[in-house]
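# Architecture at a glance
Listed below are the residues making up each chain.
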Amino acid sequence: MGDEIMWSCLKHIPHRLAGVAILAPVGNFWWSGFPPDVVKKAWRVQFPQDQRAVWVAHHLPWLTHWWNTQKLFRGSSVKDGDPAILSREDRLLVHKFMERTYQEQVQQQGEHDSLHRDMRVGFGKWDWSPLEMENPFAGAAQGEVKKVHLWHGVEDLYVPVQLSRYISKRLPWVIYHELPTAGHLFPVADGMPDAIVRSLLLGDE
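Calculation criteria
Residues numbered from 1 in each chain as written. Predicted model: local features only at pLDDT ≥ 70, side-chain atom pairs only at ≥ 80, totals over all residues. Heavy atoms only, no water. Core = buried A, V, L, I, M, F, W, Y, C linked by side-chain atoms within 4.5 Å. Buried < 20%, exposed > 50% of the residue type's maximum accessible area, 1.4 Å probe, protein only. Helix = DSSP H or I, 4+ residues; strand = E, 2+ residues; numbered from the N terminus. Pairing = 2+ DSSP bridges. Right-handed = clockwise from strand over helix to strand, strands pointing away. Phe/Tyr/Trp six-rings, centres within 6.5 Å; stacked < 30°, edge-to-face > 60°. Lys NZ or Arg CZ within 6 Å of the ring centre and 35° of its normal. Arc of directions from axis to C-beta. Contact = heavy atoms within 4.5 Å. Axes fitted to C-alpha atoms, helices over the stretch in contact; angles between N-to-C directions. Salt bridge = Lys/Arg side-chain N within 4 Å of Asp/Glu carboxyl O.

### Considering the nonpolar core
The nonpolar side chains of a soluble globular protein tend to be buried with one another. The biggest cluster of nonpolar side chains holds 34 residues, and the ones touching the most others in it are Trp7, Leu10 and Ile167. When residues of this core are traced back to their parent elements, those giving at least two are helix H1 (3–12), strand S1 (20–23), helix H2 (36–45), helix H3 (48–59), helix H8 (111–122), strand S2 (148–153) and helix H9 (161–170). With eight residues, the next largest nonpolar core counts Ala24, Leu179, Ala182 and Met192 among its residues.

### Some points on the pairing of strand S3 (residues 174–179)
Bridging between S2 and S3 involves six bridges; their strand directions are parallel. Across the sheet, residue His149 finds its bridge partner in S3, namely Ile175. Handedness of the crossover joining S2 and S3 through H9: right-handed.

### Comments concerning the packing of aromatic side chains
The geometry of an aromatic ring pair comes down to the distance between the two centres and the angle between the two planes. Counting across every chain of the model gives ten aromatic pairs. For the ring pair Trp31 and Phe34, a centre distance of 6.2 Å and an interplane angle of 15° mean the geometry is stacked. Just as Trp31 is buried, Phe34 falls in that class too. Here the aromatic residues Trp7, Trp31, Phe34, Trp126, Trp128 and Tyr166 are joined through ring pairs into a cluster of three or more. Between Lys11 and the ring centre of Trp128, over which it is positioned, the NZ or CZ distance is 5.1 Å.

### Some remarks on helix H10 (residues 192–202)
All buried positions along H10 are accounted for by Met192, Ala195, Ile196 and Ser199. Along H10, the residues classed as buried sweep out an arc of 100° about the axis, all on the same side. Facing away from the buried surface of H10 by more than 90 degrees, the exposed residues are Asp194, Leu201 and Leu202. Against S1, S2 and S3 lie the buried residues of H10. Positioned one or two residues after H10, Gly203 has a phi angle of 70°, which is positive.

### Comments concerning the sheet that holds S2
Read from one edge to the other, the open sheet built from three strands follows the order S1-S2-S3, with strand pairing classed as parallel. A single partner strand is all that each edge strand has here, and the edge strands are S1 and S3. With direction set aside, neighbouring strand axes in the sheet form an average angle of 20°. On the sheet, H9 packs against S2 and S3 and is oriented at approximately 150° with respect to S3. Across the sheet, H10 touches S1, S2 and S3, and the angle it forms with S2 is around 155°.

### Description of the pattern of salt bridges
Pairing between side chains becomes possible if they bear opposite charge and their charged atoms approach one another. Taken as a whole and assessed by the stated rule, the structure comprises two salt bridges. Between Arg117 and Asp118 there is a salt bridge, and its shortest N-O distance comes to 3.8 Å. With a shortest N-O distance of 2.8 Å, Arg165 and Glu178 are connected by a salt bridge. Residue Arg165 is located in helix H9, and its partner Glu178 is located in strand S3; the two are separated by 13 residues in the primary sequence. The partly exposed category is assigned to Arg165, whose relative accessible area is 29%. For Glu178, a relative accessible area of 31% gives the class partly exposed.

Right, dumping it as structure tokens:
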């Protein structure tokens, strides 16, 4: 999870950014601006254990670590690492991912910082909503190409695509890339890193 950091950077320090690519972002169901029907549809797409884990992270954040590590009920599917929840494409990509050196970097700060704390922040109670933001790059100098790109795979079983779709409609300054056959691990698919960087550097929409 890193999109909560990107939204905060866009709000507070856009002048220090050359552009932003947000990949498979975890949307906060409690951000103001989401219509109830969109939230309900996205909520129902989640696996039951993720519904419970997200609810705990928002309403009882101090229980997040315990909830995801206790053995009485299933915690977050990310913590469980159950391959059954991966999309077909993700199952193919996970083998490549595991073979590369990235695996050691995924939790280099430890499980608490890379999962439990991130859930508390991402699904916590924000005092502002990205859906209410104006274009942070509206005042960019002439000739500068500063864009916000949001990428999401339709078959993402970890993060519902419905919230990203609505964000792209609500914020016209966000360039939305929806990948119809991709799952959550699309950033490690062959050619995708180049496509993402190219869109940032060349303004490819």
